[in-house]
Every structure is written in C-alpha cells, then in structure tokens.
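Fold and contact review
One-letter residues, chain by chain:
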Amino acid sequence: MARHIYACPLRWSDMDAFGHVNNVVFLRYLEEARIDFMFTQAAEAGAGEFAGGSVVARHEIDYKLPLVHRPTPVTVETWVTRIGAASLTVGYEVKDTAEDGTETVYVRASTVVVPYDLAQGRPRRISEVERRFLSRFMDEQEPAAVAAAVA
C-alpha cells in the first residue's frame, strides 16, 4: 500500500497559549495534505477532476501527543480507507519518524470527502479515472485500526 507523504511546515501562529499546536490547526494540516494528494498528485496522474470540487462530509480526529513549534516540518501521511460510489474516506497520521525508524504520532484522523459538481451544485459520482488513482493508496484499515496494530 502506498501512502501520500506531505511535509507540512509549522507556523509560529499555530501555537496556542499552552505552547503547543492548537487542536483546530491540525485540521488545517490535514486539509493541506489532502489538497496536495487529491488536487496536485491526482492531477499529475490524470485524475484532475477532484480540483473541480469536493466537500468534507465528516472529520474524525484522535489527538495522541502535543506538537510544539519547531523549524522542521511534520509529516502527514495520507491514504484511502474506503471508496464508495460518491464518497471516499481518507486516513491520516501526523507524525515524525526518527533515523532509527521510531515513530512519534501526534494525530490519527479520517475524513469523508464527497466529490462535488460546483456548476450543478450537487454531489457527483467518483469517476473510473479517480477510482484507479485512489486505489493506488487503498488500505482498508482505519487509522484507529492501524494504531491498534502498532501498539
């Protein structure tokens, strides 16, 4: 299973009064990784229809450890856990990986995304081209199941 890897920069303004990245900011990190995955990478693979519109139907997020500001980006791994007729679920881990392979996971999350026809103002079906692209990143384990397997 392939995962999309996104190096997400941390901004000074991401921190809250407690000195760590605010919980709401993590949703922005997930969005940045998802946009890079579904718009940029998909378009390069010939599945650029996602850039025409999509909406988030649901977020689920588990906060594991606090993340503090530093100059190096944090890694956001993205994969697909479900492909339906007119929606898909994206799994994520926001983490660091040390040189020895040890991982520090700050967040595990998932998002249900619905492709959307902006001109028609309604959801649309996932095309075969999109389905082929998404299938390359398919892993049916939800982030929580991945966590249980690692623990």
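Structure first, text after, so check above.
Notes on the structure in this doc start here. (Residues numbered from 1 in each chain as written. Predicted model: local features only at pLDDT ≥ 70, side-chain atom pairs only at ≥ 80, totals over all residues. Heavy atoms only, no water.)

Observations concerning the packing of aromatic side chains
Within the structure shown, the criterion is met by five aromatic pairs. Considering the side-chain rings of F26 and Y29, the 5.6 Å spacing of their centres and the 75 degrees angle between planes classify their relative orientation as edge-to-face. One end of the pair is F26 and the other is Y29, both in helix 1 (residues 23-44) and three residues apart, which spans about a single turn. Of the two residues examined, F26 and Y29, each falls in the buried class. (Phe/Tyr/Trp six-rings, centres within 6.5 Å; stacked < 30°, edge-to-face > 60°. Helix = DSSP H or I, 4+ residues; strand = E, 2+ residues; numbered from the N terminus. Buried < 20%, exposed > 50% of the residue type's maximum accessible area, 1.4 Å probe, protein only.)

Regarding the pattern of salt bridges
If you walk through the whole model with that rule in mind, you get 13 salt bridges. Between E93 and R3 there is a salt bridge, and its shortest N-O distance comes to 3.5 Å. Of this pair, E93 sits in strand 4 (residues 88-97) while R3 sits in the segment before strand 1 (4-8), and the two are 90 residues apart along the sequence. Where K95 meets E93, a salt bridge forms, and the shortest distance between an N and an O atom there is 3.2 Å. One network of salt bridges, with partners in common, ties together R3, E77, E93, K95, E103 and R108. (Salt bridge = Lys/Arg side-chain N within 4 Å of Asp/Glu carboxyl O.)

Points about helix 1
Taking 1.5 Å per residue, 22 residues should reach 32 Å; helix 1 reaches 32 Å between its end C-alpha atoms and fits that length. Turning to helix 1, its buried residues are V25, F26, Y29, L30, E32, A33, R34, D36, F37, M38 and A42. Here the buried face of helix 1 lies against strand 1, strand 2 (54-63), strand 3 (74-83), strand 4, strand 5 (103-117) and helix 2 (128-135). Where helix 1 begins, the side chain of N22 points an oxygen toward the backbone nitrogen of V24, at a separation of 2.9 Å. Once helix 1 finishes, G46 follows within two positions and takes phi at roughly 90 degrees, a positive value. (Expected span 1.5 Å × (residues − 1). Contact = heavy atoms within 4.5 Å. Polar contact = N/O pair within 3.5 Å; in protein donor to acceptor, adjacent residues only side chain to side chain.)

Thoughts on the pairing of strand 1
Only one face of strand 1 is buried: it carries H4, Y6 and C8, and the other face, with I5 and A7, is open. Bridge count between strand 1 and strand 3: five bridges; the pairing is antiparallel. Bridged to A7 within strand 3 is T75. (Pairing = 2+ DSSP bridges.)

Quick notes on helix 2
Taken residue by residue, helix 2 has E130, F133 and L134 as its buried positions. The buried residues of helix 2 occupy an angular sector of 95 degrees when the element is viewed end-on, so they sit on one face. At its buried positions, helix 2 is contacted by helix 1, strand 3 and strand 4. (Arc of directions from axis to C-beta.)

Structural notes on the nonpolar core
Ranked by internal contacts, the top residues of the largest apolar core, which has 30 residues, are F26, Y29, L67, V76, L88 and L134. For this core, the leading source of residues is helix 1, giving eight residues. Setting aside residues no more than four positions away along its own chain, V76 makes contact with H4, I5, Y6, C8, Y29, L30, A33, Y92, E93 and V94. (Core = buried A, V, L, I, M, F, W, Y, C linked by side-chain atoms within 4.5 Å.)

A few points about the environment of F137
If you trace the backbone, F137 turns up in the loop between helix 2 and helix 3 (143-150). For the pair formed by F137 and W79, sequence separation is 58 residues and the distance between their alpha carbons is 5.1 Å.

Everything listed here is a matter of geometry and, on its own, says nothing about what the molecule does.
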